[in-house]
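Coordinate inspection notes
What follows is each chain in one-letter form.
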Amino acid sequence: MQVPDLSIEISGFKMKSPLMLASGIFGTSIKLLRRIFETGAGAVVTKSIGYVKRMGYNNPTLVEVYGGYLNAIGLSNPGIKEVYKELSRSKINDLPLIVSLFGAETYEFTEMISLLEDLKVKAYELNISCPHVEGFGAEVCQNSDLVKQLIMAVKAKTRKPLFVKLSQNTTDIVQIAKLAENAGADALTVVNTLKAMAIDIETGRPILANKIGGLSGPAIKPIALRCVYEIYQNVEIPIVGCGGIINWQDAIEFFLAGATAIQIGTGIAYEGLSVFEKIKQGIKDYLILKGKRSVKEIVGFAHSF
Amino acid sequence: MPIASNKPRIVQVLDIKEESETVRSLIFRDDLCSKAKPGQFVMVWIPGVDEIPMSISMMGDQSLAGFTVRKVGEASKALFDMKVKNILGIRGPYGMPFTPIFGDVMIVGAGTGLAPLLPLAEILTQKFASINIIIGGKTLSEFVLVDRARKTLLKNNSEIIITSEDGSYGIKGLATDVMESILKKKYIDIIYTCGPELMIKKVFEIAQKFSVPIQASLERIMKCGIGICGSCCIGRYRVCKDGPIFDSKKLEEIIDELGLFRRDHSGMVTMIE
């Protein structure tokens, strides 16, 4: 039996594997991102970059809870100019690098993209779904006019594929997904972390310095999966599933629900850097067992019932 | 699904040891930390202030453990000002520990850099090991943990050499000068080091010159402590997960960053002075 084909293509962006590193993991260090690529990721997404430098929140910025992790890093990043410098001096030609961007105003996104356009960045992911920073992220996602205007403005600035990362912290994620598609998004990343918190009962205090954070990990997988499933029924563009994928069985569920690719973040906390290789092998074995030649053959299969 | 080490466990400060005017060791009871290996660290939550990484400087019986803090910034000052019975949150222990090699050992430390090295020395002295320990510092008042080092190394074939830059304590000069003169005369199986990064870099260069393997404890800004946020990256490595102990091979791979630059809380590259 021949080895199943795991390669995929999203709006002209070819990936050897459908596994991507989710944004927010591993910061902006290109050397660290390259290491993930070398462990079997088809693409790597940077931490979200903003218009200006942000120090982020004080620690604690991370705490484990049953079924996952809460984090409120606070969109810390060196700002677009510094990131541009780092990308310019790094070798990224052969790296399937997607830059994640966040902003408060449309012009921040468009100016950031204008600056990055001459670099060998392969695609962009708009983070309009961070759950724990006021004025950014999920607050953008809740404003449908703003989402539409933002995507159209960004599309006018670049011909590179545009991924839009959606939030479940909104009234109707399917509506936002349709809106993003109509505005010109090339793919949807579904979903970001879910707004959540943890309180220490000894001290009576919220543990995260920011009090509220985003929940990731196995606890959010069924929610993310449902979002992918519902969105798949309503949009034509590819969906990148994200949320609580820690093993190959999780990955297969997302493909069956309608994801063309998947992103892994917190899975690294559970399984280490070998998580990509393990999941890749599991997908191959599953496809062989099911007599499939390519991962594309199972995308959305669960909708046939 | 038990959460053993990644959620803060609230502990009480049981004892405080005055190491110098600016350095104190805080002792607490925690089963996991008491079984930590030398070189590992904990994330210490000071409720209402911050959470910072601290090397475990003491692993003891009866589930006792401790760390040694120098007051530098807001968080370390809050730790320094802690009183007995105050509470802390502890996550960990985390990170790759030192690998003990029982042979002719050299330890080079400075300041609170001795904190992770002394538990290692204590393990090494349990089996036969000859230890040369070089403790460097700027001036007399900055030396800490020297008494504990003496007590640890009292019984075996060991030597403690003190060097201070201003000559106020021990030999006048740098720890790395003494290190080089010893390596010229004596065969050493392994060098362990912790202290300011520029010193570590120099120790590494000298170790390379004499082809002696080395294990060094590095420091970077840490947020998650479990290897996912990337704040502590150096080269392709994460100090919290792939380190904090780096061997010769890993140090060689990060030589273009070691002692030159680090990242601030935003992730921006800043030069080391």
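Structural notes, computed from the coordinates. Per chain, the residues get numbers from 1 upward, laid out in the order the sequence is written. Lettering for chains starts from A, numbering for ligands starts from 1, and both go in the order in which the items are written. With the structure being a predicted model, the display of local features is reserved for residues of pLDDT at least 70 and the display and counting of side-chain atom pairs for 80 or more, all residues being used for whole-chain, interface and lining totals. Heavy atoms from the whole structure form the basis of all side-chain values; hydrogens and water molecules are not counted.

1. A look at the packing of aromatic side chains
The description of an aromatic ring pair rests on the distance of the ring centres and on the angle between the ring planes. Note the cut-off: Each Phe, Tyr or Trp ring, with Trp reduced to its six-membered ring, pairs with another whose centre is within 6.5 Å; inter-plane angles below 30 degrees give stacked pairs, above 60 give edge-to-face pairs, and intermediate values give tilted ones. Strands here are runs of E lasting at least two residues and helices are runs of H or I lasting at least four, both read from the DSSP assignment and numbered beginning at the N terminus. The cut-offs for exposure are 20% and 50% of the maximum accessible area for each residue type, with area from a 1.4 Å probe on protein chains only; residues under the lower value are buried, those over the upper are exposed, and the others partly exposed. Only when the NZ atom of a Lys or the CZ atom of an Arg is both within 6 Å of the ring centre and within 35 degrees of the ring normal do we say a charge sits over the ring.
Taken as a whole and judged by the stated rule, the model has nine aromatic pairs over all chains. On the basis of an interplanar angle of 45° and a centroid distance of 6.2 Å, the ring pair of A:Trp248 and A:Tyr286 is categorised as tilted. Here A:Trp248 is found in helix 8 (residues 248–257), whereas its partner A:Tyr286 is found in helix 10 (residues 275–289), with 38 residues between them in sequence. Residue A:Trp248 is classed as partly exposed on the basis of its relative accessible area, which comes to 31%. Residue A:Tyr286 is classed as buried on the basis of its relative accessible area of 16%. Ring geometry for B:Tyr237 against B:Phe246: centres 5.9 Å apart, planes inclined by 85°, an arrangement best described as edge-to-face. What makes B:Phe246 buried here is its relative accessible area of 0%. Above the plane of the ring of A:Phe301 lies A:Lys292, whose end atom (NZ or CZ) is 5.7 Å from the centre. Note that B:Lys127 overlies the ring of B:Phe102, its terminal NZ or CZ placed 4.6 Å from the centroid.

2. Things to note about the pairing of strand 6 (residues 68–71) of chain A
Residue and element names in this part refer to chain A. Selection criterion: One requirement defines pairing of two strands: DSSP has to find at least two bridges between them.
Alternating residues of strand 6 divide into Gly68 and Leu70 and Tyr69 and Asn71, and every residue in both groups is buried. In the sheet, strand 5 (residues 62–65) pairs with strand 6 via four bridges, with the strands oriented antiparallel. Residue pairing across strands places Val63 opposite Leu70, the latter belonging to strand 6. Taking the residues between adjacent antiparallel strands as the criterion, strand 5 and strand 6 are bridged by two residues, where Gly67 takes a positive phi near 85°. Of the pairings in the sheet, the one linking strand 6 to strand 12 (residues 212–216) comprises three bridges and is antiparallel in character. Following the sheet pairing, Tyr69 is matched in strand 12 by Ser216.

3. A short note on the interface of chain A and chain B
Note the cut-off: Here a residue-residue contact requires only that any non-hydrogen atoms of the pair lie within 4.5 Å. The term buried area denotes the loss of accessible surface (1.4 Å probe radius) that occurs when two parts are joined, taken as the sum for both partners. For this analysis, a salt bridge means a side-chain nitrogen from Lys or Arg found within 4 Å of a carboxyl oxygen belonging to Asp or Glu. Asp, Glu, Lys and Arg are counted as charged, while Ala, Val, Leu, Ile, Met, Phe, Trp, Tyr, Cys and Pro are counted as nonpolar; the rest, among them Gly, fall into the polar class.
Contact residues are listed per partner, giving 40 residues for chain A and 38 residues for chain B. Between chain A and chain B, the buried area comes to about 3,300 Å², and carbon and sulfur atoms account for 58% of it. At the boundary of chain A and chain B, one finds six salt bridges. Of the charged contacts, one joins B:Asp264 and A:Lys53 as a salt bridge, the two residues approaching to 2.7 Å between their closest N and O atoms. If you list the elements that add at least two residues to the side of chain A that touches chain B, you get helix 1 (30–38), strand 5, helix 2 (80–89) and helix 9 (267–271) of chain A. In terms of residue class, the side of chain A that touches chain B is built from 17 nonpolar, 11 polar and 12 charged.

4. Comments concerning the sheet that holds strand 5 of chain A
Residues and elements named next belong to chain A. Stated formally: Throughout, an axis means a line fitted to C-alpha atoms (over the contacting stretch in the case of helices), and angles, computed between N-to-C directions, take values from 0 to 180 degrees.
Reading across from one edge, 5-6-12-11 is the order of the four strands in this open sheet, with antiparallel pairing throughout. For this open sheet the edge positions go to strand 5 and strand 11 (194–197), each flanked by a neighbour on one side alone. On average, each strand axis in the sheet is tilted by 40° relative to the strand beside it, whichever way the strands run.

5. As for the packing of helix 3 (residues 106–116) of chain A against helix 5 (residues 144–155) of chain A
Residue and element names in this part refer to chain A. The condition that has to hold: With respect to orientation, any angle under 35 degrees is reported as roughly parallel, any angle over 145 as roughly antiparallel, any angle of 65 to 115 as roughly perpendicular, and every other angle as oblique. The sense of a crossing depends on the near helix, which, turned anticlockwise from the far helix by less than a right angle, makes the crossing left-handed and, turned clockwise, makes it right-handed.
With their axes 9 Å apart at the nearest point, helix 3 and helix 5 run at an angle of 20° to one another. Taken together, the axes of helix 3 and helix 5 lie roughly parallel to each other. Note that helix 3 runs across helix 5; the crossing there is right-handed. For the pair formed by helix 3 and helix 5, the contact residues are Thr106, Phe109, Thr110 and Ile113 on the first element and Leu146, Gln149, Leu150, Ala153 and Val154 on the second. The class makeup of the residues in the contact of helix 3 with helix 5 is six nonpolar, three polar and no charged.

6. Observations regarding the packing of helix 8 of chain A against helix 10 of chain A
Residues and elements named next belong to chain A. Helix 10 packs onto helix 8 with a crossing angle of 60° between their chain directions and a minimal axis gap of 8 Å. Relative to helix 10, the element helix 8 is oriented oblique. For helix 8 against helix 10, the interelement crossing comes out right-handed. In contact with Trp248, Ala251, Ile252, Phe255 and Leu256 of helix 8, helix 10 contributes Ile279, Gly282, Ile283 and Tyr286. Of the residues contributing to the contact of helix 8 with helix 10, the split by class is eight nonpolar, one polar and no charged.

7. Quick notes on the sheet that holds strand 15 (residues 245–247) of chain B
All names here are of chain B. Strand order in the open sheet made by the seven strands is 10-9-8-7-11-12-15, with mixed pairing throughout. Because the sheet does not close on itself, it has two edges, and the strands there are strand 10 (171–172) and strand 15. With three bridges connecting them, strand 12 (residues 214–217) and strand 15 associate as antiparallel partners. Pairing of Ala216 across the sheet is with Phe246, part of strand 15. Here helix 4 (residues 146–153) sits on the sheet and contacts strand 8 (130–137) and strand 9 (158–164); the angle it forms with strand 9, its principal contact strand, is near 160°. Across the sheet, helix 5 (residues 175–185) is in contact with strand 7 (104–110), strand 8, strand 9, strand 10 and strand 11 (190–194); its angle to strand 8 comes to roughly 155°.

8. Some words on the pattern of salt bridges
Using the criterion set out here, one finds 30 salt bridges over all chains in the structure. Residue B:Arg263 is joined to A:Glu86 by a salt bridge in which the shortest nitrogen-to-oxygen separation is 2.7 Å. Of this pair, B:Arg263 sits in strand 16 (residues 261–263) while A:Glu86 sits in helix 2, which puts the two residues in different chains. Exposure class is identical for B:Arg263 and A:Glu86. Each is buried. A salt bridge links B:Asp81 to B:Lys77, with the shortest nitrogen-to-oxygen separation between them at 2.9 Å. For B:Asp81, a relative accessible area of 31% translates into the label partly exposed. According to the relative accessible area criterion, B:Lys77 is partly exposed, its value standing at 42%. Through salt bridges with shared partners, one network takes in A:Glu38, B:Arg236, B:Lys249 and B:Glu253.

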